[in-house]
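Tertiary structure, described
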Amino acid sequence: MPEEQPKESPPPAIEVIGLTKRYGRVKAIDGVSFRVEPGQIVGFLGPNGAGKSTTMRTICGLQPASSGIVRICGIPVATNPYETKRHIGYMPEHNPLPEDMRVLEYLRYRARLKEVPMGKVKARVDEAMEICDLQRKARRKVIGALSKGYRQRVGIADAILAEPDVIVMDEPTIGLDPHQILSIRNLIDNLRGRMSVIISSHILPEIEKSCDRVIIINQGRIVANGNSADLRKEFLPKTTYRLNVNLNKGDLARVLAGVHHELSIDTSTPLDDDYWEHRCKAPSELVLTEPILENLQRANARIRELARLQPNLEDIFMAATRRSWDETAAPFKGRTRPGVPMPKH
Amino acid sequence: MLLIAPASYVAAVLYMLLMTFVYYIYLNTAASEPSDSTVAEMFFQTFWIPVCFMIPLLTMKSIAEERRLGTLETLMTTPATALHIVLSKFLSCYFFYIFLWTMTIPFPFIVHYYVGESVPLNLLFNPASMIGGYSFIAISGLLYIAVGIFASSMTRNQLVAGMLSFCILFVVILAGALMVKLPMLDSNWIQQSYDLVNYVNSFEHLADFSRGVLDSRPLFLYGSLTMLLLGITTLIVESKA
């Protein structure tokens, strides 16, 4: 009996190893490495000038890297840029579109450019417009006359047109109102499992809701990589509880003594009417709301509010970027932190 | 994009108005005084007017506008190479330019239709000079359109691209003709340069073609310069995308 060959797993949709891009003496990105598995939606976060767009443009083969390896579906971008472009749908920042063309004309033109077979162009364009809700209202409109939300939809329709394995979106929700952001989020949710998506955005709650994993980049280096729960554990190991009760700090400490030995009172602020607002800290993995409530009830305390403040992605982002700033600034302690010039595109 | 942009149609209408006017002027001149050259020959002698004005208008938008809007970036993320992009821009402008010139072919027939037998058709339509003239337009058009596309790739501002291509075209077309008239070329020691200047003199080429002489040297000159410019343009698009 021949031994059964183990089934080979598909290559990662995006594989970046030690990617560095220099502009003169300035390193826009420095040794960036990460992987995106097929079907995953990954958020790419970072302050302005952190190197997000440079990384995305390098992944798409729009600019060469100074060193490092980028593979799309196992194909190296540097040696085979035109083959990798067949696997990528890219929506650049500000979503540039030709103003004079109609939506239908533009998508058909893009489908032909992306080598969609002639017989399938109509079907693919109709499907992309259906997914992006362009079919009824915007089908024959001139792009220059479309609202910002519809323009973004045209950009996303273009990115998914050729059914690529990887979709790269640079700030897809920038400048949209909350309704439009919600519909774009639903649209991205529709792609889950079918395509790998990498999205850069400043709107952190959106990233948290729609992405399986988050990569945070600062000063050209990856400072955090993982899902929200892992990052919470790494960057914010303590969770805050907010209590609004009629007990002062000493009384509260006595009441909470038996809850958990790691629960500590962080701050206490007296309010106008004999009430105090306390902020307590405990390890993130513990959920102490119930025991705290039981202890307070047993002590006949009057409770106005008890809340477990879940740190959101914004807190993680701030903590991760602050930590990377501190690490960079450590050798320069006592002096001004060195400025990082913006790369010229 | 060229056929969708309203600017192309405005440029086409202006071109037709200009060429109709030029043809009318030469027709009047030929009717009022005796001349050695036919109306068609005189008409082709003014080829530099539409070239200097129309080609910058047609080509200035091609790459500069794509770069300004950022659509060049989205274009570069498709499997199309920079050479594909440059060639497609070049060919679309070239065929539109040739289309505009073919619109002038019926001029002698329209005149003959309205004037009647008083002016025989062979006075207005000399097949040899017409074929020669249009062949020159088609061959020289390769270089002139390549100049326009090259200028458009240099900048993201269409106006700058237009001015740049106007200046280069002006030098390419008229420099040869003007240098021949410079007194220094009469000196014996620089006699060699006269041949060189004549080699690049577009009017000299036109005169040959109009006589029905289809010379391969201008074809080589325009063809090689076109390929050189398109190659440089491709490199610019690749590096600046």
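Residues numbered from 1 in each chain as written. Chains lettered and ligands numbered in written order. Predicted model: local features only at pLDDT ≥ 70, side-chain atom pairs only at ≥ 80, totals over all residues.

Here the focus is the environment of Gly212(B). Residues and elements named next belong to chain B. Counting through the fold element by element, Gly212 comes out in the loop between α12 (202-210) and α13 (216-240). Residues Gly212 and Gly133 lie 79 residues apart in sequence; the distance between their C-alpha atoms is 8.2 Å. With residues up to four places along the chain from it excluded, the contact list for Gly212 reads Ala128, Ser129 and Gly132. (Helix = DSSP H or I, 4+ residues; strand = E, 2+ residues; numbered from the N terminus. Contact = placed C-beta atoms within 7 Å.)

This part is about the sheet that holds strand β4 (residues 67-72) of chain A. Residue and element names in this part refer to chain A. Spatially, β2-β1-β4-β5 is the arrangement adopted by the 4 strands of the open sheet, whose pairing is antiparallel. Of all strands in the sheet, those with a lone pairing partner are β2 (26-36) and β5 (75-76), marking the two edges. With 5 bridges connecting them, strand β1 (residues 14-23) and β4 associate as antiparallel partners. The residue bridging Ile14 from the neighbouring strand is Ile72, located in β4. Along the sheet face, helix α1 (residues 52-59) touches β1, β2 and β4 and points at about 120° away from the line of β1. (Pairing = 2+ DSSP bridges. Axes fitted to C-alpha atoms, helices over the stretch in contact; angles between N-to-C directions.)

Among the nonpolar cores identified, the biggest contains 124 residues, and Leu107(A), Ala157(A), Val168(A), Val214(A), Ile216(A), Ile145(B) and Ala146(B) are the most heavily contacted of them. No other element matches helix α9 (residues 127-154) of chain B, which puts 12 residues into this core. If we ignore the near neighbours within four places in the chain, the residues touching Ala146(B) are Phe90(B), Thr226(B), Leu229(B) and Leu230(B). In terms of nonpolar packing, the next biggest core, distinct from the first, is built from 11 residues, Leu243(A), Leu256(A), Ala282(A) and Leu296(A) among them. (Core = buried A, V, L, I, M, F, W, Y, C linked by C-beta atoms within 7 Å. Buried ≥ 20, exposed ≤ 12 C-beta atoms within 10 Å, placed from the backbone.)

With 15 residues of chain B at the interface, the matching set in chain A holds 17 residues. With 4 residues, the top contributor of residues to the side of chain B that touches chain A is helix α5 (residues 71-76) of chain B. Along the lines of polarity and charge, the residues of the side of chain B that touches chain A split into 8 nonpolar, 6 polar and 1 charged. (Nonpolar A, V, L, I, M, F, W, Y, C, P; charged D, E, K, R; others polar.)

This paragraph deals with the sheet that holds strand β12 (residues 264-270) of chain A. Residues and elements named next belong to chain A. Reading across from one edge, β12-β13-β11-β14 is the order of the 4 strands in this open sheet, with antiparallel pairing throughout. The open sheet is flanked by β12 and β14 (303-309), the only strands paired with a single partner. In this sheet, neighbouring strand axes are inclined to one another by 15° on average, regardless of whether the strands run parallel or antiparallel. With 6 bridges joining them, strand β11 (residues 238-245) and β14 adopt antiparallel strand pairing.

This part is about the domain arrangement of chain A. By domain assignment, chain A separates into domain 1 (14-233) and domain 2 (237-309). Relative to domain 2 of chain A, the C-alpha centre of domain 1 of chain A lies at a distance of 45 Å. (Domains from an automatic or database assignment.)

All names here are of chain B. Between helix α6 (residues 82-102) and α9, the shortest axis-to-axis distance is 9 Å and the interhelical angle comes to 140°. The angle between α6 and α9 falls in the class oblique. The crossing of α6 and α9 is right-handed. Of the residues in α9, those in contact with Val86, Lys89, Phe90, Cys93, Tyr94, Tyr97, Ile98 and Trp101 of α6 are Tyr134, Ile137, Ala138, Gly141, Leu142, Ile145, Ala146, Gly148 and Ile149. Of the residues belonging to the contact of α6 with α9, the class tally is 14 nonpolar, 2 polar and 1 charged. (Parallel < 35°, antiparallel > 145°, perpendicular 65-115°, else oblique. Left-handed = near helix turned anticlockwise from the far one by under 90°.)

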